[in-house]
Amino acid sequence: TKDKIARVSGAEVDITERTRVLEIRGSKVQRRKAHKYAVGIMAQRTGPVSVREDYEDGDLTMLSVPQEAVGFVTGQGGNFLRSIEEEWGALMFFVDVDLSR
């Protein structure tokens with residue numbers, strides 16, 4: 001996952017196993033994006049990812065997916081979603097959208 005964050009943000013990302021500290025190196029924009037992506041990945045483990053208006057760095061595209069199509073988009077065990085991420089160099093989340101926050 002750290003490699004995926006590094007690939008899509010352009011930053012260098014390392015994690016210290018002993019202290020569980022995520023170290024992010026790069027330009028200000030690369031660090032901001034890597035931090036944003038890491039927060040999103042951690043959030044999706046416990047519930048929906050929230051997107052705020054200040055998350056827009058020119059790297060955000062949102063699509064409304066009807067509930068009946070969610071299974072198709074994710075694929076069995078999330079395989080289809082992960083294959084799209086790999087092919088296009090993207091991170092994909094299902095999000096709770098509230099741009100008023």
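Here the structure is shown first, and the text comes after it.
Quick caveat, the model's predicted, so the values are computed rather than measured.

Engineer: Looking at this structure, I do not really get the nonpolar core. What am I missing?
Structural biologist: In summary, soluble globular proteins display a tendency toward joint burial of nonpolar side chains. Counting residues in each nonpolar core, the largest one holds 10 residues, listed as I5, A6, V8, A11, V13, A34, Y37, A38, I41 and L91. Looking at this core, the elements with two or more residues in it are α1 (2-9) and α2 (28-44). Residue contacts for L91: discarding those within four places in its chain leaves K4, V8, Y37, I41 and E85.

Engineer: Where do I start with the pairing of strand β2 (residues 21-25) in this structure?
Structural biologist: Looking along a regular strand, one sees the side chains alternate between the two faces of the sheet. Relative to β2, strand β1 (residues 12-16) is paired through five bridges, and the arrangement is antiparallel. By the bridge assignment, V13 is partnered in β2 with I24. Where β1 folds back onto β2 in an antiparallel hairpin, the turn is made up of four residues, including R20, whose phi is positive at roughly 55°.

Engineer: What should I look at first to understand the environment of D14 in this one?
Structural biologist: Of note, D14 is situated in strand β1. You can call D14 partly exposed: its relative accessible area is 32%. For the pair D14 and F72, spaced 58 residues apart in sequence, the C-alpha separation works out to 33 Å. Setting aside residues up to four positions removed in sequence, D14 forms contacts with K2, V21, L22, E23 and R25. One polar contact links D14 to R25, side chain to side chain, over a distance of 2.8 Å.

So, how was this worked out
- Residues numbered from 1 in each chain as written.
- Predicted model: local features only at pLDDT ≥ 70, side-chain atom pairs only at ≥ 80, totals over all residues.
- Heavy atoms only, no water.
- Core = buried A, V, L, I, M, F, W, Y, C linked by side-chain atoms within 4.5 Å.
- Buried < 20%, exposed > 50% of the residue type's maximum accessible area, 1.4 Å probe, protein only.
- Helix = DSSP H or I, 4+ residues; strand = E, 2+ residues; numbered from the N terminus.
- Contact = heavy atoms within 4.5 Å.
- Pairing = 2+ DSSP bridges.
- Polar contact = N/O pair within 3.5 Å; in protein donor to acceptor, adjacent residues only side chain to side chain.

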